[in-house]
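# Residue-level structure breakdown
Spelled out, the chains give:
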Amino acid sequence: MFRRVLGTALLILLLLCGCSAVSHPEDKAAAVKAAYESAANIELVTDIASNLDEETMSYRIGYAYHKQDNGNATAQMTVLAPESIAGIQAEITGEDFLFTYEGTELETAMPDRKGLTPADMTTYLLYALMHQTPQQVWMEEDLLALRYETKGEAGTVVRDVYVQPDSYALKAAHIYNNGEQILSCSVSSCTLQP
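The following paragraphs examine the structure supplied in this document. Quantities reported herein were computed from a predicted structural model and do not represent experimental measurements. (Residues numbered from 1 in each chain as written. Predicted model: local features only at pLDDT ≥ 70, side-chain atom pairs only at ≥ 80, totals over all residues. Heavy atoms only, no water.)

### Thoughts on helix α3 (residues 121-131)
Using the following cut-off: Relative accessibility thresholds used throughout: buried, under 20% of the residue-type maximum; exposed, over 50%; partly exposed, between the two (1.4 Å probe, protein chains only). The secondary structure listing takes helices from DSSP runs of H or I that are at least 4 residues long and strands from runs of E that are at least 2 residues long, numbered from the N terminus.
Judged by how many residues are buried, α3 sits mostly within the fold: 9 of 11 residues are covered. For α3, every residue scored as buried is listed here: M121, T122, T123, Y124, L125, L126, A128, L129 and M130.

### Things to note about the pairing of strand β12 (residues 180-193)
Within a regular strand, the side chains alternate between the two sheet faces. Condition: When DSSP finds two or more bridges between a pair of strands, those strands are recorded as paired.
In this structure, strand β2 (residues 41-50) lies alongside β12, joined through 10 bridges in antiparallel fashion. Note on β12: the bridge partner recorded for S50 is L183. Note: strand β11 (residues 170-177) against β12, 6 bridges, orientation antiparallel. In the strand pairing of β12, A172 is matched with S186. Here β11 folds back onto β12, and the loop between the two strands holds 2 residues, one of which, N178, carries a positive phi near 55°.

### A look at the nonpolar core
A general trend in soluble globular proteins is that nonpolar side chains are found buried together. This is how it is decided: Nonpolar cores are built from buried Ala, Val, Leu, Ile, Met, Phe, Trp, Tyr and Cys residues. Side-chain atoms within 4.5 Å join them into one set. In what follows, a contact means two residues having at least one pair of non-hydrogen atoms within 4.5 Å.
In this structure, Y36, Y63, L126, V163 and L170 are the most contacted members of the largest nonpolar core, which totals 44 residues. L126 has contacts with Y36, I42, L44, Y63 and Y65, leaving out every residue within four places of it along the chain.

### Topic: the pattern of salt bridges
When the charged atoms of two side chains lie near each other, side chains of opposite charge can form a pair. Inclusion rule: We define a salt bridge as a contact between a side-chain nitrogen of Lys or Arg and a carboxyl oxygen of Asp or Glu at a distance within 4 Å.
By the definition in use, this model includes 2 salt bridges. Here R60 makes a salt bridge to D47, at a shortest N to O gap of 2.8 Å. On the criterion of sequence distance, the pair formed by R60 in strand β3 (residues 57-67) and D47 in strand β2 is long-range, its members being 13 residues apart. Under the relative-accessibility criterion, R60 is labelled partly exposed at 31%.

### Quick look at the environment of T150
Residue position: T150 is located in strand β9 (residues 143-152). For T150, a relative accessible area of 27% translates into the label partly exposed. Residues T150 and Q132, 18 residues apart in the sequence, show an inter-C-alpha distance of 9.9 Å. In contact with T150, not counting residues within four places along its chain, are Q132, G155, T156, V157 and R159.

Spelled out as structure tokens, the structure:
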């Protein structure tokens, strides 16, 4: 009797949350990973909300990832909004970021918290999708959700990533550091090209 009541309560909770289990989650995770690993080009337009410190800031960026024939990859990020910093670009090779504005190199001090700033969030999301195995996979509303968790000196970082269940195009993500949400994004455009 207790199991039936508990099972019914859990089912109601899942339905209320819009979450549901995924059949063969390991296969889904492997398919997402394969789609991103095999993509030669990935282009994104992303709206990022940063909840760092005391205020929330919003950014819109364009991001283009290109895998070269030798297996190395580069990416270019362009700030599209806010207007006050629109046009700043970053050339990304591995973990190196070169920021420029109208051809002039900008000095930056990238923080030690890699993947936890608006400047490098997209790079680390794509890295997780390409190279890491999620700890959890589920359906939330109409999207496939994947949870990536890493532990380091600064604590635990959790990335909840949402992709289209058919094309695996990135749609949204939420980044938590030690249980506190610090970044979120919604992706208005994502294309993966082989």
